[in-house]
Amino acid sequence: MTPKSLELIKCVVLLIFGYIAFGFLSPFGKKSLMSISAFTLQAYRNWLSVPLLFVYAAVVDRKDFWKSFNMETILRCGLVGILSIVGCQQLYLVALSYATAVQAAALFLLALVWTGLYMMIFKGEPVSVLKIIGSILCIAGAILFAGIADFSVESSDELIGCGIVVVCTILYSVYLVKTKDIIKDTPVASMTFWVFATGSFFSLGCLYDYEQFNVTTYSLDLWISLFLTSIVGTAIPYCTINYAITHVSPFLSGIFFPLELVTVMVLAYFVLDEIPGLEEAIGTVCVLLGLVLVTIQDYRESKKSTKMEDDSSLCMYK
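In this text, all values refer to a predicted model and were calculated from it rather than measured experimentally. (Residues numbered from 1 in each chain as written. Predicted model: local features only at pLDDT ≥ 70, side-chain atom pairs only at ≥ 80, totals over all residues. Heavy atoms only, no water.)

Chemist: Can you break down helix 2 (residues 25-32) residue by residue, with the values?
Modeler: Since one α-helical turn is 3.6 residues long, residues separated by three or four positions face the same way. Burial analysis of helix 2 places 7 of its 8 residues in the buried class, the great majority of the element. Within helix 2 the residues assigned to the buried category are Leu25, Ser26, Pro27, Phe28, Gly29, Lys30 and Ser32. (Buried < 20%, exposed > 50% of the residue type's maximum accessible area, 1.4 Å probe, protein only. Helix = DSSP H or I, 4+ residues; strand = E, 2+ residues; numbered from the N terminus.)

Below, the structure written as structure tokens:
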């Protein structure tokens, strides 16, 4: 087996493991919210993740990681950290206080749709029928998940939660676009560490509610939920997926997206007694089918782009 084949197998394993790990975030995050506030949970999520991300960046990026200790990199990552950590991640945990874990996880996939639409409208990427159809399917699935069709007073909290998740997806799509500019100069692992490290600084404001951090009152069940939310559901997938996506095509990384939602649905059933209804089932199919169409088109475009680069390289050496 060639080194290239071994690297591909390693990336596939990391992607599978990473997206399954991401599936722990929503159900166990919601379970943690039964005992602590969303702001306290976000603080723990940041503070427990940063040490692991530090070690990961130091091992993977080596000398390049230490070179990232400069004011320009820290400030650039800090601005992205405000979008990702302070804005998107914090709002997502607030949304989990209202929406179900499955609703939140499924709706969050809309971020990939907004990113694709943004790249087509503002960055000059080719307009594709597949992407448009895929986007429509994802939005239709989001409407079904939000329960807008049969909105009632009893479902108002879930609707609020779904609305907050949609805002999160917009912030996250901006984060994805901005990180593309940063990784041109900063390795992915180093960037991820600085985004979390600078974003964690803002979590210090949570300390005013010191009673929330009275760890002597925490049950073992809460500590387990915090660990699964922060380490398994956040730090580990950020490490594994970020490594893999720098070595494989967008298509290969994209086809594993559904693993996160499937994991959330299974865990939510056992941990939170969440049983998806007919609308959620149809919405899931719409969202996943939409993502498949968008991913297929991304693969076609990346393949065409690679061929053009190869052709231009040949011309340069002729």
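This is not the end of the story, as more comes after the structure.
Chemist: Quick rundown of the packing of aromatic side chains? Include the residues and the values.
Modeler: One pass over the structure, following the stated rule, counts 18 aromatic pairs. Seen in terms of ring centroids, Tyr44 and Tyr218 are 6.0 Å apart; in terms of plane orientation they differ by 70°. Their pairing is edge-to-face. Within this pair, whereas Tyr44 is found in helix 3 (residues 38-61), its partner Tyr218 is found in the loop between helix 10 (188-201) and helix 11 (220-245), the two being separated by 174 residues in sequence. Classification of Tyr44 as buried rests on a relative accessible area of 9%. Among the residues examined, Tyr218 registers a relative accessible area of 11% and is labelled buried. Relative to Phe193, the ring of Phe54 lies with its centre 5.4 Å away and its plane at 65°, an arrangement referred to as edge-to-face. Here Phe193 lies in helix 10 and Phe54 lies in helix 3, a separation of 139 residues in the sequence. Feature note: the residues Phe54, Phe65, Trp66, Phe69, Phe193 and Trp194 constitute an aromatic cluster, connected by ring pairs. (Phe/Tyr/Trp six-rings, centres within 6.5 Å; stacked < 30°, edge-to-face > 60°.)

Chemist: How would you explain the environment of Leu96 if you had to name every residue and give the values?
Modeler: For Leu96, the location among the structural elements is in helix 5 (residues 71-96). Classification of Leu96 as buried rests on a relative accessible area of 0%. In sequence terms Leu96 and Lys30 are 66 residues apart; their C-alpha atoms lie 5.8 Å from each other.

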